[in-house]
Amino acid sequence: MADVMNIQGHVRLGSNAGQSMTRRDGVLKVTGRATYAADNRPEGVLHAVTATAGIARGRVTHLDTAAAEAHPGVVKVYTPANRPDLAVSPDEKIHGFAWRTEALQDDTVRYAGQPIALVVAETLEAATEGSHLLAPRYDADTPRIGLDGGVPFQPETISIGRPPSLEVGDIDAARTGAARHFETVIETPAQYHNALEPHAITAQWTGDRLEIDTPNQAIGLAKQSFAAYLGVNPAHILIRSPFLGGGFGSKAILFGAQLLVALAAKDLDRPIKLALRRDQMYGPVGHRPATRQTLKLDVDTRGHIAALEHHTIAVASSFDDFIENASNASHSVYATTALRTTHAGIRADTGTPGPMRAPGEATGSAALEVAIDDAAYALGFDPLEFRLRNYAETDPATGMQFSSKALRECYAQAAEAFGWQDRPLEPGSMKQGRLLKGWGMGTAQFPCPMFQAAAHATLRADGSAVVETSAADMGQGAWTSLAQIAADGLGIDIDRLEFRSGQSNLPDAGVAGGSGHTATAGTALFNAGADTIRQLAELALNDPASPLFGADNAGVTARGGRLYRNDDDTRSEAYEDILARAGLDLLRGEGKGAREGEPERAMFSHGGVFAEVLVDPDLGQVRVSRLIGAFAAGRIVNPHLARSQLLGGMIWGIGFALQEEAIHDVRTGRFTNADLAGYHIPVNADVPMIEALTVHEDDPFVNSLGIKGVGELGVTGTVGAIANAVWHATGIRPKRFPIHPESLI
Amino acid sequence: MNLFEYTRAETLDAAMSAATEDGAILAGGTNLLDLMKIGVVNPTRLIDITRLPLHDIEEHDGGLRIGAMVRNADLARHPVILSRFPAVAEALLSGASAQLRNAASTGGNIMQQTRCSYFQDPLSPCNRREPGSGCAAIGGETRNHAVLGWTEACIATHPSDLCVALAAYDAVVEITGPDGLREVPMESFHPLPDANGTGPAPLQSGEIITHIRLPDSGGMARNARYVKLRERTSFAFAIVSAAAALEIQDGRIVQARLALGGVAARPWRARTAEKALADQSPTEEAFARAADLALEGAAPSGDNRAKITLARRIAIRALTRAAAGTPDRLPALPASVFEGDCNG
Ligand SMILES: Cc1cc2nc3c(=O)[nH]c(=O)nc-3n(C[C@H](O)[C@H](O)[C@H](O)COP(=O)(O)OP(=O)(O)OC[C@H]3O[C@@H](n4cnc5c(N)ncnc54)[C@H](O)[C@@H]3O)c2cc1C
Ligand code: SF4
């Protein structure tokens, strides 16, 4: 796959950013020409398959490597006994964003599904059979599984390096003074990312140079990580990741088998490919852990929240420290005089959890929104009225102003589109035929982080341009929206822009995660374009032969491939003419995207989500018959793509609320549903009517372009809205997700 | 994958002679190949029967004779199925996905294995997979396990939707083997487990299902429905399901058929319930009494007591819908609990 996107298939009116352009990579994708990592078939490629542990805790005592190696086509079996050395132990965290991983360092088994050997063969089938023939024997210990089976501990940090607790105000005093006390306990299950594209890698050495094709959400970081673990000069590593078939957080961090494949490719001097099977994605590549959350709300007589406490117990692995920071979702949504959020961990024999689809935010929002609804109902408030009453004008966690917050407008627009004003308060009071009907709502909120990104822009002699940054497109549309921003930075039509991306030898665009990629990489691209144009303007302004000469303080504006004098719009010059006169073939600019200094404002995207459910009163089956959200997320670079992101997020919410759940057998620690037949995610028929509206929002603080993020916003609020609609339909308050029919009869 | 031999049978005899212990018949492959990949079955020979002349649906004494290789999608759209056996169409179209139904065959659907997750996990003891090894499902995750006809040896359910409707319509399985032809009613084709194991195999070595016969549905053609409970609106196996057919004359039930799915190792034909409905008015009360009878003797096999309630209620729902009459066009979401009450 080329690293350059051919421009095709979009229809556009007017300038670049803000336009609903269709995906520039759309035609490649629907014609099957977009190459995913596992589509690469280098000459002489070997296939690798991992053998995985059938116990959740203990030691591997025997592997029948002789039988596996005797199988026709098997080239070599790697086990802890013969695996090549890594430069750094895979149990060492080489940076803050690394996990302890399994690269056959020893014979211990830490979770079911852990890789315990790597079989390399001439064909996938031979490698697979070889992995079966290993017939491992174990010295097994009793596994510790789930919230109730593991060992409690107090984490030092949660999520990635964050403090586990926060206390604002005097919660005990606030609580004593409040009129009403509410306590809600909600459980959420283990969920697995289940990106449709499996984790895959193709690794190939030429001398001491390593080429890797692998889907990755942060290839700059991945290059550093490969280099550190393999002991290779990072300049000698090239990673290609033009397309990801979904990442959801599971493709941001390296896992051991990727390292082993690179080592084996060197050892065997052949290219090697590995693609995980679906069931092998349950363990080594992260997941969202099960949580039990307790919310305590203390409300005064006027319906104002006086104290809000959110405590999360989350399952962690036995060997690493990721704790789902669900309580933090209560930091900044509702006004309160006192706030306390805390976390505890349960060490269990599972793979290490990690970020997944609004980590912390989705999980915590699900519980918070149910708790808020519970209090609203008990106090006799309409749920929307109660939320407005507790509208946070400043950020309760930090006391800071919000950089922008059009949440009121979101509530109003979504409520109106939904018809919320007709909602009776009493649960069980609406019917559709035989079915119970319920309406519920939730508040969506997601932070606006920025990471570090760099980009280059190069203007060519013909006035066209090429921009470069190693961004990741997981389906969100980076090939399109980032190119739109870059084109506007350069003041050219997007059709004259070549966008190079998805490879690690380009300037590092940082991570596609945290819903911050468009803001971060977009800023870098825009700045690179602006830097180029600044140089171009300097050439023209200093050249007496240019019609722009003398514009000086009035300056010039770049537009449609020309520079225009600000003081006289009739005087302009094309880029190519300026370059030609200056005798330049190319003009190159650089840009960075990052947030400078400590933020002085609280920065969030917001939304209001309204759900209608129908529940069969006899059989308990739930159907989300309508789902409408309105979202404010700063500047919308591409309304078409942003809507897709928001709808996608809301559909994750349907899955979270009603379907998604990975089930361990607590006796063995093995999964009972590690495939897409058993692990349910929504199908089209689950989404009969859905709409995402966007509310205009100018944010002068979040970054120079005013871009927030839309990637994960849609799931927050939605889970709670559905659960609250179920309550409104049935009078049964869901206590755990997913909401099963059995719990509603 | 294990190395195995692949032959395409050109004649029924060739298929029969090849279908012995270490061989397996390959039809659509949507179940067999999955089980081979996860190491649950390891045949050394695959006998592909997709080219055998078993693709026809013939009319037969007012009923149908369906070739074992008729694909689920084709069967569901057959005019006689739609007009006289609508619950079969509804059951088929509520199952799996369009892609799977295009590949899956009638014989393969009947012969598909349980979705018991312990059966699918070669590391777990399982009497069905390995007689005498025990049953890992007991004490484990039992949400899709039986509440009727189970024993301590096996609590699995048969997952087919089609079979439930076929059992209700008195379908007969035509089997050809080394000893000639035999016929077995659909409702007893799948053995129930006994105290020691999962019961005898439904087919002997060398035997092949050639056809399914559906006898004339008589006066029940337009009062027949299938209803299926599942969390996901499509592409999910039933938590519980029911097929019901009624012949109603002058406001009285002349004859009734009721079969339940997702509750036992076979589609569960509720004969006592059917008898009790004869000569009754088709009322909610009569259906409730029938449903009680259908679930007589039901017991949770684990943490699945709710299934008894759900099965009882889905039986009532299927009977109620059958009494209301089959719609002229199949609903957009066949067998859905939500039909008629919300869009799609
Ligand atoms: C993700 C998924 C979801 C599904 N959901 C549903 C659902 O909701 N409802 C439902 O009912 N089903 C469902 N199915 C199951 C599907 O219906 C079966 O896999 C399919 O019907 C099997 O038919 P086949 O022709 O592919 O059989 P194969 O896989 O070819 O064969 C299955 C078995 O039958 C044997 N066999 C096949 N033909 C004959 C014959 N003529 N004589 C003797 N033995 C024979 C084979 O040897 C094998 O043991 C689902 C399957 C999948 C994978
Ligand atoms: S229920 Fe039956 S199929 Fe499942 S593990 Fe037990 S014996 Fe095997």
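The numbers attached to residues start from 1 for each chain and follow its sequence in the written order. As a convention, the first chain written is A and the first ligand written is 1, with the rest following in written order. Since the coordinates come from a predicted model, pLDDT governs what is reported: local features require at least 70, and pairs of side-chain atoms require 80 or more to be given and counted, while whole-chain, interface and lining totals use all residues. To get the side-chain values, all heavy atoms of the structure are used, and hydrogens and water are removed first.

This part takes up the nonpolar core. We call a set of buried Ala, Val, Leu, Ile, Met, Phe, Trp, Tyr and Cys residues a nonpolar core when their side-chain atoms join them within 4.5 Å. Each residue is placed in one exposure class: buried if its accessible area under a 1.4 Å probe, protein chains only, is under 20% of its type's maximum, exposed if it is over 50%, and partly exposed if it falls in between. Counting residues in hydrophobic clusters, the biggest one holds 79 residues, and the most contacted among them are A:Val613, A:Leu627, A:Ile722 and A:Phe737. The contact definition used throughout considers only heavy atoms, calling two residues in contact when any of these lie within 4.5 Å. Contacts of A:Leu627, omitting those with residues within four sequence positions, involve A:Val609, A:Phe610, A:Ala611, A:Met650, A:Ile654, A:Met689, A:Ile690, A:Glu691, A:Thr718 and A:Ile722. Residues B:Ala9, B:Ile81, B:Tyr169 and B:Val184 belong to the second largest nonpolar core, which totals 53 residues.

With that settled, consider the site of ligand 2. In the vicinity of ligand 2 there are 14 residues, among which B:Cys116, B:Cys126, B:Cys135, B:Cys154 and B:Ile155 approach most closely. In terms of residue class, the shell around ligand 2 is made up of 11 nonpolar, 2 polar and 1 charged. Each residue is tested against the molecule or strand, and it is near if at least one of its non-hydrogen atoms lies within 4 Å. The nonpolar class holds Ala, Val, Leu, Ile, Met, Phe, Trp, Tyr, Cys and Pro. Asp, Glu, Lys and Arg form the charged class, and all remaining residues, Gly among them, are polar.

It is worth spelling out the confidence of the model for chain A at this point. Here pLDDT means the predictor's own confidence in every residue, given as a number from 0 to 100. Across chain A, the average pLDDT comes to 95, with 98% of residues at or above 70. Low pLDDT, under 50, characterises residues 5–13 of chain A; the stretch is placed with 29 contacts to residues that sit more than four places away or in other chains.

Boundaries of every domain are those given by an automatic assignment or by a domain database. If you check the domain split of chain B, you get domain 1 (5–48) and domain 2 (220–343). If you average the C-alpha positions of domain 1 of chain B and of domain 2 of chain B, the two centres end up 35 Å apart.

The next subject is the interface of chain A and chain B. Taken residue by residue, the interface counts 40 residues in chain A and 40 residues in chain B. Summed over both partners, the interface of chain A with chain B buries about 3400 Å², with 54% contributed by carbon and sulfur atoms. A quick way to say it: buried area is the sum, across both parts, of accessible area lost when two parts are put together, with a 1.4 Å probe. Together, A:Leu619, A:Gln621 and A:Arg623 form the three largest contributors to the area buried by chain A at its contact with chain B, with a combined 21%. We count a salt bridge whenever a side-chain nitrogen from Lys or Arg sits within 4 Å of a carboxyl oxygen from Asp or Glu. A:Asp616 is the salt-bridge partner of B:Arg317, the closest N and O atoms lying 2.6 Å from each other. Whenever a nitrogen or oxygen atom comes within 3.5 Å of another N or O atom, the pair is scored as a polar contact, on the condition that within protein one atom can donate a hydrogen and the other can accept it, and that pairs from neighbouring residues in sequence are kept only if both atoms are in side chains. If you look at where chain A meets chain B, you find 16 residue pairs in polar contact (both at pLDDT 80 or more). Of all elements in the fold, only helix 3 (124–133), strand 26 (604–615) and strand 27 (622–632) of chain A reach the threshold of two or more residues within the side of chain A that touches chain B. Helix and strand definitions follow DSSP, with helices as H or I runs of at least four residues and strands as E runs of at least two, each counted in order from the N terminus.

We now examine helix 5 (residues 86–93) of chain B. Of all 8 residues making up helix 5 of chain B, 8 are buried, and the element is well covered by its neighbours. The set of residues buried in helix 5 of chain B consists of B:Pro86, B:Ala87, B:Val88, B:Ala89, B:Glu90, B:Ala91, B:Leu92 and B:Leu93.

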